[in-house]
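# Reading the structure
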Amino acid sequence: MCGIFGCIHGPDYNFQDEQFKSLLKTIEHRGPDNLGFSSHYIDGQIVKFGHARLSIIDLNETGHQPMHSESGKYSIIFNGEIYNHINVRKYLDSKYRISWKGTSDTETLLNLLEREDLRLSLNRLEGMFSFVLLNHSKKEIIISRDHSGEKPLYLSCSNNYFGFASDLNPLKGIPGFNNTLNKKSVENFLQYNYIPNPDSIYESSFKLPPASCLILDLKKFKSDHFSSFESFISSRGVQFFNWWNLKNNLDAKESWKSFNDLEVEENITNLLRSSVKSQLISDVPLGAFLSGGIDSSLVTALMQEINGNTRTYTIGFDFAEFDESIYAKKVSDYLGTDHTTYTCGEKDFFDLIEYLPSAFSEPFADSSQ
């Protein structure tokens, strides 16, 4: 899963490195394998980078973050996985002479962003991600998020600092954090059971929208208690754009409209198989969370077809109206997976329910939790 946390502030702002590291530990559950920290002095401002790592690809120190480019011009903190990173490496090797230090997708992403056009690079990626890139020579910060916003990324503004993180908790601990509730967000929460992008539950804190990119020119940008995301992205030294758009992507594929039913079925099957296969690249054991429904059963079936010996896991309940484990067991038996069921009793349910809110950065009431 991993977690990222960072902050930009002036040298007179009372936010010491040890305070930052202590707040970084609040997201250690996202990445218990390594906590990394680096501090950079850029044009009169201090940029702090923190990373909590869950090691999936390249379990060695060569995969630890923050990661710095070989040239020393770029530093990155990254959360997620680039599923096509091996193909991206092959592409980079065909154009550049790169001395790879390890095998992580973070190193692949860092080298791609250093050498290629930003928009083209983002559109080359297949995966789930949020990242923050520091360009030392241009004195700018680049912040971006994946196509559908699968990986979270919060932004927090004040007149003393600008912060960014995978979770609101470390941001809330920064001195001067504005914890005033956003009334519009409260209304949206009561209407939708969650808080839509780009707002958060707090004023002056926002969620970066999916498939978007933010560039901060550190020579010009001055953070403030911005009243809205729109006022933030229209402020001096800030550039904001969407690097991918679903409608434009569909319009570009006119040939899809001429497919017959059999071709549609074949194409969907191939896309699903390719997608699942690309997500099975890992240096640690993999498994599937199997509910017995259509989605998880289809993914599990493709995993079993591609790799075999798939490990599947299900949470069951001893009160039947909520129990899906019987369906998961039927699918597991049919596919021949190595299946594990954990049965949750009513006591487990009531013991855990008070801790549910702590799993989310802000109010979330959808039944999926």
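The structure this text deals with has already been given above.
Residues numbered from 1 in each chain as written. Predicted model: local features only at pLDDT ≥ 70, side-chain atom pairs only at ≥ 80, totals over all residues. Heavy atoms only, no water.

### Comments concerning the overall build of the protein chain
Definition in use: Going along the chain from the N terminus, every DSSP run of H or I of four or more residues is numbered as a helix, and every run of E of two or more is numbered as a strand. Our radius of gyration is a C-alpha quantity, and the globule rule it is checked against amounts to 2.2 Å times the number of residues to the power 0.38. In this analysis, two residues are considered to be in contact whenever any of their non-hydrogen atoms come within 4.5 Å of each other. Working definition of accessibility: Shrake-Rupley area with a 1.4 Å probe, residue cover restricted to the visible protein chains. Charge counting treats Lys and Arg as positive and Asp and Glu as negative, with His and both chain ends excluded. Every charge is mapped to an atom, namely NZ of Lys, CZ of Arg, CG of Asp or CD of Glu.
A count of helical and extended segments in the protein chain gives twelve helices and 15 strands. For 369 residues, the compact-globule formula gives about 21 Å, and the C-alpha radius of gyration of the protein chain, at 22 Å, lands near that figure. When its C-alpha atoms are laid out on the principal axes, the protein chain stretches across 65 × 55 × 45 Å. A fraction of 63% describes how many contacts in the protein chain between residues 6 or more apart in sequence connect residues 24 or more apart. As presented, the protein chain carries roughly 19300 Å² of accessible surface, and 51% of it is formed by carbon and sulfur atoms. Charge-centre separation for the protein chain: the mean point of 35 positive side chains lies 9 Å from the mean point of 48 negative side chains.

### Quick notes on a nonpolar patch on the surface
For the record, the criterion: Like-charged residues are merged into a patch within 9 Å and nonpolar side chains (Val, Leu, Ile, Met, Phe, Trp, Tyr) within 5 Å, provided each residue has over 30% relative accessible area and no salt bridge. We define a salt bridge as a contact between a side-chain nitrogen of Lys or Arg and a carboxyl oxygen of Asp or Glu at a distance within 4 Å.
Together, Val264, Ile268, Leu272 and Leu298 make up an exposed nonpolar region whose accessible area comes to about 300 Å². Tracing the sequence through the fold places Leu272 in helix α9 (residues 261-278).

### Side note on the packing of α9 against helix α10 (residues 294-306)
Packed helices, taken two at a time, are described by their axes: the angle between them and the distance between them. Rule in force here: Each axis is a line fitted through C-alpha atoms, and for a helix only the stretch in contact is used; angles between axes span 0 to 180 degrees, taken between their N-to-C directions. Should an angle fall under 35 degrees it is taken as roughly parallel, and over 145 as roughly antiparallel, whereas 65 to 115 is taken as roughly perpendicular and any remaining angle as oblique. Classification used: nonpolar for Ala, Val, Leu, Ile, Met, Phe, Trp, Tyr, Cys and Pro, charged for Asp, Glu, Lys and Arg, polar for all others including Gly.
With their axes 10 Å apart at the nearest point, α9 and α10 run at an angle of 70° to one another. In this view, α9 runs roughly perpendicular relative to α10, as classed from their interaxial angle. Residues Leu272, Arg273, Val276 and Lys277 of α9 form the contact with α10, whose participating residues are Leu298, Val299, Leu302, Met303, Glu305 and Ile306. Considered class by class, the residues forming the contact of α9 with α10 number seven nonpolar, no polar and three charged.

### With respect to the sheet that holds strand β13 (residues 287-289)
This is how the line gets drawn: By definition, two strands form a pair when at least two bridges between them are found by DSSP.
Strands sit in the order β13-β14-β15 across an open sheet of three strands; the sheet is parallel. Of all strands in the sheet, those with a lone pairing partner are β13 and β15 (338-344), marking the two edges. Averaged over all neighbouring strand pairs, the angle between strand axes comes to 25°, with direction disregarded. Sheet topology places strand β14 (residues 311-317) next to β15; seven bridges connect them, and they run parallel. The residue bridging Gly316 from the neighbouring strand is Thr343, located in β15.

### What about the sheet that holds strand β11 (residues 212-217)?
Strand order in this open sheet of six strands is β4-β5-β6-β7-β11-β12, and the pairing throughout is antiparallel. Across the chains shown, the open sheet's two edge strands, defined by having one partner strand only, are β4 (67-68) and β12 (238-242).

### What about the side chain of Lys151?
Here is the rule we go by: Three exposure classes are used, based on accessible area relative to the maximum for each residue type with a 1.4 Å probe and protein chains only: buried under 20%, partly exposed in between, and exposed over 50%.
Relative to the assigned elements, Lys151 resides in the loop between β7 (140-145) and β8 (154-157). Although Lys151 is buried, it forms no salt bridge, and the closest oppositely charged side chain is Glu150 at an N-O distance of 5.7 Å. With residues near it in sequence (within four places) discarded, Lys151 still touches Met1, Asn79, Gly80, Met128, Phe129, Ser130, Arg145 and Asp146.

### Here we look at the packing of aromatic side chains
The test is simple: Within 6.5 Å between ring centres, the rings of Phe, Tyr and Trp (the latter by its six-membered ring) count as paired, and their orientation is classed by plane angle as stacked under 30 degrees, edge-to-face over 60, tilted in between. Lysine and arginine charges are scored as sitting over a ring when NZ or CZ, respectively, is within 6 Å of the ring centre and within 35 degrees of the ring normal.
Under the defined criterion, the tally for this structure stands at 21 aromatic pairs. Plain terms: the ring middles of Phe162 and Phe221 are 5.6 Å apart, the flat faces sit at 85° to each other, and that makes the pair edge-to-face. Of this pair, Phe162 sits in strand β9 (residues 161-165) while Phe221 sits in the loop between β11 and α7 (229-233), placing them 59 residues apart in sequence. Judged by relative accessible area, which is 2%, Phe221 ranks as buried. Summarising the aromatic geometry, the rings of Phe360 and Phe364 are spaced 4.9 Å apart at their centres and angled 40° between planes, so their arrangement reads as tilted. Here the aromatic cluster, defined as three or more aromatic residues joined through ring pairs, consists of Phe49, Phe162, Phe164, Phe206, Phe221, Phe226, Phe229, Phe232 and Phe240. Here Arg115 stacks its cationic end above the ring of Tyr96, 5.8 Å away from the centre of that ring.

### Some thoughts on a negative patch on the surface
A contiguous patch of negative charge, built from Asp261, Glu263, Glu265 and Glu266, is present on the exposed surface. Within the secondary structure layout, Glu263 lies in helix α9.

Remember that the coordinates give geometry; whether it matters functionally is a separate question.
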